[in-house]
Protein chains: 2
Amino acid sequence: MSQDKAVFYHAGCPVCVAAEQQVAQSLDPTRFEVEIVHLGNARQRISEAEAAGVKSVPALVLAGQTFHINFGASLADLKG
Amino acid sequence: MSQDKAVFYHAGCPVCVAAEQQVAQSLDPTRFEVEIVHLGNARQRISEAEAAGVKSVPALVLAGQTFHINFGASLADLKG
């Protein structure tokens, strides 16, 4: 079975780190190839996150569907 | 390895169903025993969800930590 892509966007905030450790790392590794993207460091990927519908971090894009998990920071603030 | 408990609370709303199908069903089944609770039907479990820190659905309580995923309905509205 081919793996779906899961991208977890965060910005290093405490809310982000908790969600990363619990949610992103809890996905089934046989079904998902999980990539963790720190938008504070990889600022060139903010537009990609935005295109996927990410409004705030932490967010998980799972097989093309975007889920906002709790609230750490808005994407607008990261761009600022 | 013993399994951690994951409880996914929802209320049947479209936002809830999308999150259930994608997020709750994507957890690693070797590490989590996933229970899906429909608070519209299982109203007696609203207080349990509240005690776990759930403010709105859909929400995922993963090994005791609560994550709100997108926003479907507030717990207050479910109680009302």
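About the thresholds
- Residues numbered from 1 in each chain as written.
- Chains lettered and ligands numbered in written order.
- Predicted model: local features only at pLDDT ≥ 70, side-chain atom pairs only at ≥ 80, totals over all residues.
- Heavy atoms only, no water.
- Contact = heavy atoms within 4.5 Å.
- Buried area = accessible area lost by both parts, 1.4 Å probe.
- Salt bridge = Lys/Arg side-chain N within 4 Å of Asp/Glu carboxyl O.
- Polar contact = N/O pair within 3.5 Å; in protein donor to acceptor, adjacent residues only side chain to side chain.
- Helix = DSSP H or I, 4+ residues; strand = E, 2+ residues; numbered from the N terminus.
- Disulfide = S-S within 2.5 Å.
- Buried < 20%, exposed > 50% of the residue type's maximum accessible area, 1.4 Å probe, protein only.

Take the interface of chain A and chain B next. Listed by partner, the interface residues are 19 residues for chain A and 19 residues for chain B. On the chain A side of the interface with chain B, the three residues burying the most area are Gln22(A), Ser26(A) and Phe67(A), jointly 32% of the side's total. Counting the contacts that link chain A with chain B gives 0 salt bridges. The tally of links from chain A across to chain B stands at 10 residue pairs in polar contact (both at pLDDT 80 or more). Going through the elements one at a time, helix H1 (14-22) and strand E4 (65-74) of chain A are the ones with two or more residues in the side of chain A that touches chain B.

Right, let's get into the state of the cysteines. Residues and elements named next belong to chain A. With the rule as written, the count across this model stands at 2 disulfides over all chains. At a sulfur-sulfur separation of 2.3 Å, the disulfide partner of Cys 13 is Cys 16. An S-S torsion of about 60° defines the bridge between Cys 13 and Cys 16 as right-handed. According to the relative accessible area criterion, Cys 16 is buried, its value standing at 0%.

Residue and element names in this part refer to chain A. With respect to the helices and strands, His 10 occurs in strand E1 (residues 4-10). In this structure His 10 comes out as buried when scored by relative accessible area, which is 7%. Put simply, His 10 and Gly 72 are 62 residues apart on the chain and 8.3 Å apart in space, counted from C-alpha to C-alpha. Apart from residues no more than four positions distant in its own chain, His 10 is found in contact with Cys 16, Glu 20, Ile 36, Val 37, His 38, Leu 39, Gly 40 and Val 57. Within the structure, His 10 has its side chain in polar contact with the backbone nitrogen of Gly 12 (distance 3.1 Å).

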